[in-house]
Amino acid sequence: MKVDGRHFRSIWLEPDGWSVGAIDQRLLPHDFVIASIANVEAAAEAIRTMLVRGAPLIGVTAAYGVALAMRADSSDTNLDRACAMLMATRPTAINLKWALDEMRQLLRPLPASKRSEAAYARAGEIAEQDVAINREIGRHGLALIEAIGATKKPSEPVNILTHCNAGWLATVDWGTATAPIYQAHDRGIAVHVWVDETRPRNQGASLTAWELGHHGVPHTVIADNTGGHLMQHGMVDLAMTGTDRVTANGDVCNKIGTYLKALAAHDNGLPFYVALPSPTIDFSIDDGVRQIPIEQRGAEEVETMTGRTADGRTETVRVVPDGSPVANYAFDVTPARLVTGLITERGLLRAERGALAAAFPDRVVAAAE
């Protein structure tokens with residue numbers, strides 16, 4: 001996608017052929033900085049500190065992390081060490097485990113002398129696969145936006161509410177929930193996006209609004225609790241989010257607050273869609289509420305807010321009283337019954353076991369092995 005008219009991806013292999021470049025998302029929207037990832041420890045730190053974030057991008061970063069590890073030391077011991085280090089960084093997004101399993105299964109049978117080259121090739125393939133998948137998600141989701149647009153007056157946009165950042169910054173390119181929006185916009189369909197700020201890390205206000213603005217997509221940032229009001233007053237046509245993990249029966253785990261948006265959409269008779277690449281499906285579990293580990297992050301994310309002052313300085317200030325305990329649950333689970341449909345690279349699916357298994361039988365087999 002575009003930043004000031006120039007095409008960027010969120011992560012890439014540098015011209016030296018071995019180090020990895022990535023946009024440092026911790027500094028957006030005020031500073032656009034490219035970070036260099038030169039070893040597996042740096043890859044793990046990038047994931048842990050959310051220099052990179054979003055389930056698909058976490059998976060790609062982990063794959064490159066394994067490649068960097070194999071460049072330094074291609075032994076079995078170092079392969080196991082690298083995978084364990086990367087796996088420990090974020091517990092909720094299933095793409096991390098998927099990517100590491102892919103790398104481990106490829107590299108384990110190979111002689112040490114061939115592992116580095118094979119690891120870089122596979123990491124690159126995973127990155128390109130993510131781009132292709134998201135392009136297809138966009139194509140299938142575009143049909144939903146076109147159908148709503150056909151019922152509107154020419155001057156009326158399709159109003160889409162989203163939550164957190166499921167844009168190209170959360171993937172390699174295109175994004176998941178934003179891919180249909182970008183494709184609709186690029187085709188000349190009038191769209192407008194209500195962007196939840198998404199406390200406590202403000203990925204909506206800081207990331208989604210930033211990337212939509214740079215691509216020229218009309219949007220409005222709103223406080224997290226505004227969505228229900230907009231739905232009640234006919235100002236939302238559909239809600240569309242991404243996800244960090246979808247269970248075999250269609251439960252959706254996404255950024256905290258997603259469940260509340262789904263409840264509001266259900267109460268107002270509005271469609272609630274979730275866009276996801278197939279590596280985000282976890283066929284090994286059935287009950288999202290009870291089986292998905294919910295990451296609890298540091299209290300400082302809730303206690304403080306960071307922004308730019310009037311004189312151009314970036315400052316972090318405390319907004320919670322000293323001594324007040326803080327809980328920071330990073331994700332919640334939306335039951336399948338509240339999900340209108342899942343937008344995947346293989347089409348629009350019902351949020352249920354049969355539909356998911358029929359569309360992705362290869363993933364079902366892999367989960368059973």
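Because the structure is a prediction, the values reported are computed rather than measured.

S.K.: Teacher, can you tell me more about the overall build of the protein here?
M.R.: Scanning the protein from terminus to terminus reveals 13 helices and 18 strands. For the protein, the C-alpha radius of gyration of 20 Å lies close to 21 Å, the compact-globule estimate for 369 residues. A principal-axis box enclosing the C-alpha atoms of the protein has dimensions of 65 × 55 × 45 Å. Per-residue burial for the protein yields a buried fraction of 55% across its 369 residues. Of the contacts formed within the protein by residues at least 6 apart in sequence, a portion of 74% connects residues at least 24 apart. Placing the 35 positive and 44 negative side-chain charges of the protein at their respective mean positions leaves the two points 1 Å apart.

S.K.: How do you make sense of empty space enclosed by the protein when you look at a structure like this?
M.R.: Vacant regions in the atomic arrangement are exposed by a probe of water-molecule size rolled over the atoms. Enumeration according to the criterion identifies 3 cavities of 30 Å³ or more in this entry. Looking at the largest cavity, it is lined by 23 residues, and the ones nearest its centre are Arg-53, Gly-54, Ala-55, Asn-165 and Asp-244. A total of 3 residues in the lining of the largest cavity trace back to one element, the largest contributor, which is helix H2 (residues 55-72). Within the lining of the largest cavity, the residues separate by chemical class into 9 nonpolar, 9 polar and 5 charged.

S.K.: Hey, could you run me through the pattern of salt bridges in this one?
M.R.: Opposite charge on two side chains lets them pair, provided their charged atoms get close. This model, assessed by the stated rule, comprises 29 salt bridges. Close ionic contact of Arg-350 with Glu-352 constitutes a salt bridge, the shortest N to O distance being 2.7 Å. On the accessibility criterion, Arg-350 (52% relative accessible area) is exposed. Taken together, the salt bridges that share partners define one network made up of Arg-90, Arg-201, Glu-295, Arg-297 and Glu-301.

S.K.: Help me understand the packing of helix H6 (residues 178-186) against helix H7 (residues 203-215), please; the structure alone is not making it clear to me.
M.R.: Two measures define how a pair of helices packs: the angle their axes make with one another and the distance between the axes. Relative orientation of the contacting elements H6 and H7 amounts to 20°, with a least axis distance of 12 Å. The angle between the axes of H6 and H7 places the two elements in the roughly parallel class. In the packing of H6 onto H7, the handedness of the crossing is right-handed. Between H6, through Thr-178, Tyr-182, His-185 and Asp-186, and H7, the contact on the second element is made entirely by Glu-211, Leu-212 and His-215. When the residues that make up the contact of H6 with H7 are grouped by side-chain class, the tally is 2 nonpolar, 3 polar and 2 charged.

S.K.: Would you explain helix H9 (residues 258-267) in this entry?
M.R.: Every α-helix winds through 3.6 residues per turn, so residues three or four apart in the chain are directed the same way. Inspection of H9 places Thr-258, Lys-261, Ala-262, Ala-264 and Ala-265 among the buried residues, and these make up the whole buried set. Projected down its long axis, H9 shows its buried positions confined to an angular sector of 165°, all on one face. Of the exposed residues in H9, the ones pointing more than 90 degrees away from its buried face are Leu-260, His-266 and Asp-267. Remark: Gly-269 follows H9 within two positions and exhibits a positive phi of approximately 65°.

S.K.: Can you help me understand the sheet that holds strand S9 (residues 238-241) in this one?
M.R.: Hydrogen bonds between backbone groups are what pair the strands of a sheet, and the pairing can be parallel or antiparallel. Taken together, the 7 strands give an open sheet; going across it, the order is S8-S7-S6-S9-S12-S17-S18, and neighbouring strands pair in mixed fashion. Each edge of the open sheet carries a strand with a single partner, namely strand S8 (219-222) and strand S18 (347-349). Shown here is a sheet whose adjacent strand axes are inclined to one another by a mean of 25°, direction ignored. Contacts between H9 and the sheet are confined to strand S6 (158-162), strand S7 (191-196), S9 and strand S12 (272-275), with S12 contributing the most and set at about 145° to the helix.

S.K.: Looking at this model, I keep getting lost on the packing of aromatic side chains. Mind explaining?
M.R.: For any pair of aromatic rings, the description rests on two quantities: the centre-to-centre distance and the angle between the ring planes. Applying the stated rule across the entire model yields 4 aromatic pairs. Residues Trp-168 and Trp-210 carry aromatic rings whose centres are separated by 6.3 Å and whose planes lie at 45° to one another, so their mutual orientation is tilted. Taken together, the residues Trp-168 in the loop between S6 and H6 and Trp-210 in helix H7 connect sequence positions 42 residues apart. Of the two residues examined, Trp-168 and Trp-210, each falls in the buried class. Each residue in the set Phe-8, Trp-12, Phe-32, Trp-168 and Trp-210 is aromatic and connected to the rest through ring pairs, giving one cluster. Positioned above the aromatic ring of Trp-18 is the side chain of Arg-71, whose terminal nitrogen or guanidinium carbon lies 3.9 Å from the ring centre. Sitting above the plane of the Phe-331 ring, Lys-255 keeps its charged end 4.6 Å from the centroid.

S.K.: Just to check I follow, could you spell out the environment of Ile-343 for this structure?
M.R.: For Ile-343, the location among the structural elements is in strand S17 (residues 341-344). On a C-alpha basis, the gap between Ile-343 and Met-240 in space is 9.4 Å, while along the polypeptide they are 103 residues apart. Setting aside residues no more than four positions away along its own chain, Ile-343 makes contact with Ile-137, His-140, Gly-141, Leu-144, Met-240, Tyr-273, Val-274, Ala-275, Leu-276 and Leu-348.

S.K.: Can you help me understand unusual backbone geometry in this one?
M.R.: Only a minority of non-glycine residues have a phi that is not negative, and only a minority of peptide bonds are not trans. Of the consecutive residues Leu-28 and Pro-29, the connecting peptide bond is found in the cis state with omega at 10°. Relative to the elements of secondary structure, Pro-29 occurs in the loop between strand S4 (20-23) and strand S5 (34-37). In the segment running from Arg-199 into Pro-200, the intervening peptide bond is cis, with an omega of 10°. By the secondary structure assignment, Pro-200 is in the loop between S7 and H7.

S.K.: So what exactly am I meant to see when it comes to the side chain of Ser-10 here?
M.R.: Turning to its location among the elements, Ser-10 is positioned in the loop between strand S2 (6-7) and strand S3 (11-13). Here the side chain of Ser-10 touches Thr-171 through a polar contact of 2.3 Å, landing on its backbone oxygen. With residues near it in sequence (within four places) discarded, Ser-10 still touches Gly-21, Ala-22, Ile-23, Leu-57, Trp-168, Leu-169, Thr-171 and Val-172.

Reading the values: the criteria
Residues numbered from 1 in each chain as written. Predicted model: local features only at pLDDT ≥ 70, side-chain atom pairs only at ≥ 80, totals over all residues. Heavy atoms only, no water. Helix = DSSP H or I, 4+ residues; strand = E, 2+ residues; numbered from the N terminus. Rg over C-alpha atoms; globule rule 2.2 N^0.38 Å. Buried < 20%, exposed > 50% of the residue type's maximum accessible area, 1.4 Å probe, protein only. Contact = heavy atoms within 4.5 Å. Lys, Arg positive; Asp, Glu negative; His and termini not counted. Charge placed at Lys NZ, Arg CZ, Asp CG, Glu CD. 1 Å grid on protein atoms, 1.4 Å probe; cavity = no way out; pocket = protein on both sides within 12 Å on 5 of 7 lines; lining within 4 Å. Points joined across faces, edges and corners; volume = space filled by probe spheres on them. Nonpolar A, V, L, I, M, F, W, Y, C, P; charged D, E, K, R; others polar. Salt bridge = Lys/Arg side-chain N within 4 Å of Asp/Glu carboxyl O. Axes fitted to C-alpha atoms, helices over the stretch in contact; angles between N-to-C directions. Parallel < 35°, antiparallel > 145°, perpendicular 65-115°, else oblique. Left-handed = near helix turned anticlockwise from the far one by under 90°. Arc of directions from axis to C-beta. Pairing = 2+ DSSP bridges. Phe/Tyr/Trp six-rings, centres within 6.5 Å; stacked < 30°, edge-to-face > 60°. Lys NZ or Arg CZ within 6 Å of the ring centre and 35° of its normal. Polar contact = N/O pair within 3.5 Å; in protein donor to acceptor, adjacent residues only side chain to side chain.

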